[in-house]
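Per-entry structural report
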Amino acid sequence: MHRRRRTALVLSAAIVAAAPVLTACGNDAHPGAAAVVGGHRITVAQLQSRVDEVRRAQRAAVADETQYQQAVAGTGTLTRDTLHQMVLDRVLDRAARNAGVTVTAREVQAMRAGLEQQAGGPEGLRRAWLQQYGVPPQRLDDNLRLQVEAQKLAAKLHTDPSQPAFWKALSTASGELHIDLNPRYGAWDVQKGDAEAKTPWLRETSAGAQRTA
């Protein structure tokens, strides 16, 4: 179990590396869209709603206005990061589906229980995921499902996130989805290090991963 948790927490770097250059096409064919993924629009309104969830959670989690403003300052790229994460979620889902990978609620709860133990309880985990990764409490299970999904995909491919086989699966999924980002949110060119979605996989340090072992 510890090895699986450690693998899940470092997967985002591999996900980012796998994705092809997502150029900011964003033309008038998709008015009101923040991105188009697999022919489905992520609207600006949907994106803003997700950002508002995080801001409300930050507001509820701190005692005074100064602390809240510090939290806001620390997540100044929240809108862009949230959009990139929403796209990543769909890429991973497609790659997992291509490989026949499914995730059960029981698997998600098992991961959550382990992480809660490490964080000192349910509240500690909710606070950590909000502060470090911009995941509000109501999105925590969704986020953990993606970690389990990525972990199982790597296992299905008999590889790990540092290996080309995992990257190839995600790159293939990205190509199938024909991702189109609105230029308002920049272009995602992993060659230039532009992809900075704040996810547990991307932000977890090697030292942190070792602590879970």
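Summary of the structure given here. (Residues numbered from 1 in each chain as written. Predicted model: local features only at pLDDT ≥ 70, side-chain atom pairs only at ≥ 80, totals over all residues. Heavy atoms only, no water.)

Attention now moves to the pattern of salt bridges. For the structure shown, the criterion picks out 11 salt bridges. A salt bridge links Glu-65 to Arg-59, with the nearest nitrogen and oxygen atoms 2.6 Å apart. Arg-59 gets classed as partly exposed once you look at its relative accessible area, which sits at 32%. Across the pair Glu-116 and Arg-112 runs a salt bridge whose closest N-O atoms are separated by 3.0 Å. Here Glu-116 pairs with Arg-112, and both are found in helix α6 (residues 105-119), just 4 residues apart, close to one helical turn. On the accessibility criterion, Arg-112 (13% relative accessible area) is buried. Linked by salt bridges that have partners in common, Glu-53, Arg-139 and Asp-142 make up one network. (Salt bridge = Lys/Arg side-chain N within 4 Å of Asp/Glu carboxyl O. Buried < 20%, exposed > 50% of the residue type's maximum accessible area, 1.4 Å probe, protein only. Helix = DSSP H or I, 4+ residues; strand = E, 2+ residues; numbered from the N terminus.)

Let us look at helix α8 (residues 140-156). The first and last C-alpha atoms of α8 sit 24 Å apart over 17 residues, in line with the 24 Å expected at 1.5 Å per residue. A positive backbone phi angle near 55° is found at His-158, which sits one or two residues after α8. (Expected span 1.5 Å × (residues − 1).)

A few words now on the nonpolar core. In terms of nonpolar packing, the biggest core is built from 30 residues, with Leu-83, Val-87 and Leu-153 touching the most fellow members. Elements supplying a minimum of two residues to this core: β1 (33-37), α3 (44-61), α5 (78-98), α8 and α9 (164-177). By residue number, the principal contributor to this core is α5, which donates 8 residues. Every residue in contact with Leu-153, bar those within four places of it in the chain, is listed here: Leu-92, Ala-95, Ala-96, Ala-99, Val-101, Phe-166 and Leu-170. In terms of nonpolar packing, the next biggest core, distinct from the first, is built from 11 residues, Leu-115, Trp-129, Leu-140 and Val-148 among them. (Core = buried A, V, L, I, M, F, W, Y, C linked by side-chain atoms within 4.5 Å. Contact = heavy atoms within 4.5 Å.)

With that settled, consider the side chain of Arg-55. Along the chain, Arg-55 turns up in helix α3. Lacking a salt bridge, the buried Arg-55 has Asp-52 as its closest oppositely charged neighbour, with an N-O distance of 7.0 Å. A distance of 2.8 Å separates the side chain of Arg-55 from the side chain of Gln-58, its partner in a polar contact. Those residues in contact with Arg-55, other than ones at most four positions away along the chain, are Tyr-68, Ala-71, Val-72, Thr-75 and Leu-78. (Lys, Arg positive; Asp, Glu negative; His and termini not counted. Polar contact = N/O pair within 3.5 Å; in protein donor to acceptor, adjacent residues only side chain to side chain.)

In this section: the environment of Ala-154. When you line up the elements, Ala-154 lands in helix α8. Separated by 58 residues in sequence, Ala-154 and Ala-96 place their C-alpha atoms 9.3 Å apart. What Ala-154 contacts, discounting residues up to four positions off in sequence, is Thr-159, Asp-160, Pro-161 and Phe-166.

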